[in-house]
Amino acid sequence: MQTVLPRARAVRPGVLGHGAGFWVIAFAFVTATAFCTVPTPLWAIYQREEGFSTFMVTVAFAAYALGVIVSLFLAGHVSDRLGRRRILLPAMLVEVVAAVVFLTSNSLGVVIVARAVSGLGIGMITATATAHLAELHATARPGGGRDRADLVAAAANMGGFAVGSLVSGLLAQYVDDPLRTPYLVFLVLLVVGAAGVALVPETVELAGERPAYRPQRVSVPAEHRPAFFASAVAALAAFAVLGLFTSLAPSFVAGTMHHPSRALAGLVTFLVFGAAAGAQALLRRVTVRRQLAAGLILMSAGLAAVSAAVWLPSLALFLAGGVAAGAGAGVLFKGTVSTVVGLASPDRRGEALAGLFLAGYVGLAVPILGLGVATRYVADRIALLGLAAALVAVCALVSRRLLRR
């Protein structure tokens, strides 16, 4: 879910050419992001067979977001100094370790550790793979523009999240041992992806003397702080919506709405993230202001529909609301990234974007944890209604500042 500007050109060959390397990195990127949503359609099974409470599901989900945040600020930027391949390969192997940990036990502690490890790997992968794709494409097709690289990176990111939940849900529905088979399948795919990364050309020229390591800095452009903070709050809300559909939404479908199909649980998340990726692609050429407006409207309408669907209950309305909310969240986040890029000076964009991503991943964890706590004291549908109302209120609060352009 991150956007990074490329910095370097190809300097060292690999076994594969740059054109082939581009698609290998795309495959590795898709596989890694897809792996992150493998547990999504399985949460209801963990609850039924392992006794996980709704709150514990949110804790396991938040462990992933915490892993991403830590990794983002400790290692997400170091490929600029050490090289793309030197970061991507270990990061893919971290995801392999996470898959192995999932396979060792179904206990809550193990699942939390596996989710945190997976988050650590993704925090390293998303920024690095996005930059690597842009650089490989620029070398393979000089003067060809960045549209294809940007589109593939966006599809690999949001599209990967969509594919992972769908594949996991189908495997859990139609193959034996649903709490192991999806992880085994993705373990193989991750190993293949890691092997491919090792063959791809490096695109960063290493300096003779490496600068001293420092964690990623967060920089807020002082002259544009109101717009920056409005963008950060909007990103937080967008990630909270996406987090809802990768944590508790399948449980709502299985429990509150009485549709226990694992394939359906995977389909829900697939539709939401697929809508997010599709909306980003469809609206990429419209103005940033229109992207922000469309995102705010679609996300608010979708949340209202999802809340109503749980009370009726109506699966069709729930799916339609999820598609609208996902599309809104995807295009709203894209608009906030473009806004922050435009506000920050070129030499501070990375630091400004780091602040935006921090807000986003806080949104991925904290509101969902709050929802999990709320379900311990009130009915699930009341807790969901409260979260939806809060997020719609946030959208209304920041809309004036975001659209003042």
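Refer to the structure printed above.
Source: prediction; values computed, not measured.

Basis of the calculations
- Residues numbered from 1 in each chain as written.
- Predicted model: local features only at pLDDT ≥ 70, side-chain atom pairs only at ≥ 80, totals over all residues.
- Heavy atoms only, no water.
- Salt bridge = Lys/Arg side-chain N within 4 Å of Asp/Glu carboxyl O.
- Axes fitted to C-alpha atoms, helices over the stretch in contact; angles between N-to-C directions.
- Helix = DSSP H or I, 4+ residues; strand = E, 2+ residues; numbered from the N terminus.
- Left-handed = near helix turned anticlockwise from the far one by under 90°.
- Contact = heavy atoms within 4.5 Å.
- Nonpolar A, V, L, I, M, F, W, Y, C, P; charged D, E, K, R; others polar.
- Phe/Tyr/Trp six-rings, centres within 6.5 Å; stacked < 30°, edge-to-face > 60°.
- Buried < 20%, exposed > 50% of the residue type's maximum accessible area, 1.4 Å probe, protein only.
- Expected span 1.5 Å × (residues − 1).
- Parallel < 35°, antiparallel > 145°, perpendicular 65-115°, else oblique.
- Core = buried A, V, L, I, M, F, W, Y, C linked by side-chain atoms within 4.5 Å.

(A) Structural context of the pattern of salt bridges. Enumeration over the complete set of coordinates arrives at three salt bridges. One salt bridge connects R48 with E49, and the closest N-O pair in it is separated by 3.7 Å. For the salt bridge of D177 with R180, the shortest nitrogen-to-oxygen distance reads 3.5 Å.

(B) A look at the packing of helix α9 (residues 225-247) against helix α12 (residues 288-311). Relative orientation of the contacting elements α9 and α12 amounts to 35°, with a least axis distance of 12 Å. Taken as a pair, α9 and α12 cross one another with a handedness that is left-handed. Contacts from A237, A238, V241 and F245 in α9 reach M299, L303 and V306 in α12. Here the contact of α9 with α12 is composed, by residue class, of seven nonpolar, no polar and no charged.

(C) Expanded view of the packing of aromatic side chains. In this structure the tally under the stated criterion is eleven aromatic pairs. Plain terms: the ring middles of F239 and F333 are 4.9 Å apart, the flat faces sit at 70° to each other, and that makes the pair edge-to-face. Here F239, found in helix α9, pairs with F333, found in helix α13 (residues 315-343); they are 94 residues apart in sequence, far enough to count as distant. Judged by relative accessible area, F333 falls into the buried class, the value being 4%.

(D) Region of the structure containing helix α3 (residues 54-74). The terminal C-alpha atoms of α3, which comprises 21 residues, lie 31 Å apart, in line with the 30 Å expected from a rise of 1.5 Å per residue. Along α3, 16 of the 21 residues are buried, which leaves the element largely enclosed by surrounding structure.

(E) Representation of the environment of A138 in the model. Mapped onto the fold, A138 is located in helix α6 (residues 108-140). Judged by its relative accessible area of 26%, A138 falls in the partly exposed class. As a C-alpha pair, A138 and F273 span 135 residues in sequence and 28 Å in three-dimensional space.

(F) Geometry of the environment of R284. Residue position: R284 is located in the loop between α11 (262-282) and α12. The contact partners of R284, leaving out residues within four places of it in the chain, are Q291 and K334.

(G) A look at the packing of helix α1 (residues 18-36) against helix α7 (residues 147-174). Close contact between α1 and α7 brings their axes to 6 Å; oriented N to C, the two are set at 30°. With respect to each other, α1 and α7 are oriented roughly parallel. Judged by the twist between their axes, the crossing of α1 over α7 is right-handed. Contacts between α1 and α7 involve F22, W23, A26, F29, V30, T33, A34 and C36 on the former and, on the latter, R148, A149, V152, A153, A156, N157, G160, F161 and G164. When the residues that make up the contact of α1 with α7 are grouped by side-chain class, the tally is twelve nonpolar, four polar and one charged.

(H) Focus on the nonpolar core. Judged by nonpolar contacts, the single largest core of 123 residues is most densely connected at F35, Y46, I125, F245, M299 and F318. Counting residues per element, this core draws most heavily on α9, at 13 residues.

(I) Summary view of unusual backbone geometry. That bond from L312 to P313 is cis: its omega, -15°, falls within 30 degrees of zero. With respect to the helices, strands and loops of the structure, P313 is situated in the loop between α12 and α13. One non-glycine residue with positive phi stands out, namely D177, at about 55°. Tracing the backbone shows D177 in the loop between α7 and α8 (181-197).

(J) Main features of the environment of D147. Inspection of the secondary structure assignment puts D147 in helix α7. Exposure remark for D147: the relative accessible area of 46% places this residue in the partly exposed category. Between the alpha carbons of D147 and V272 there is a distance of 24 Å; along the sequence they are 125 residues apart.

These figures come from the coordinates and say nothing about function on their own.
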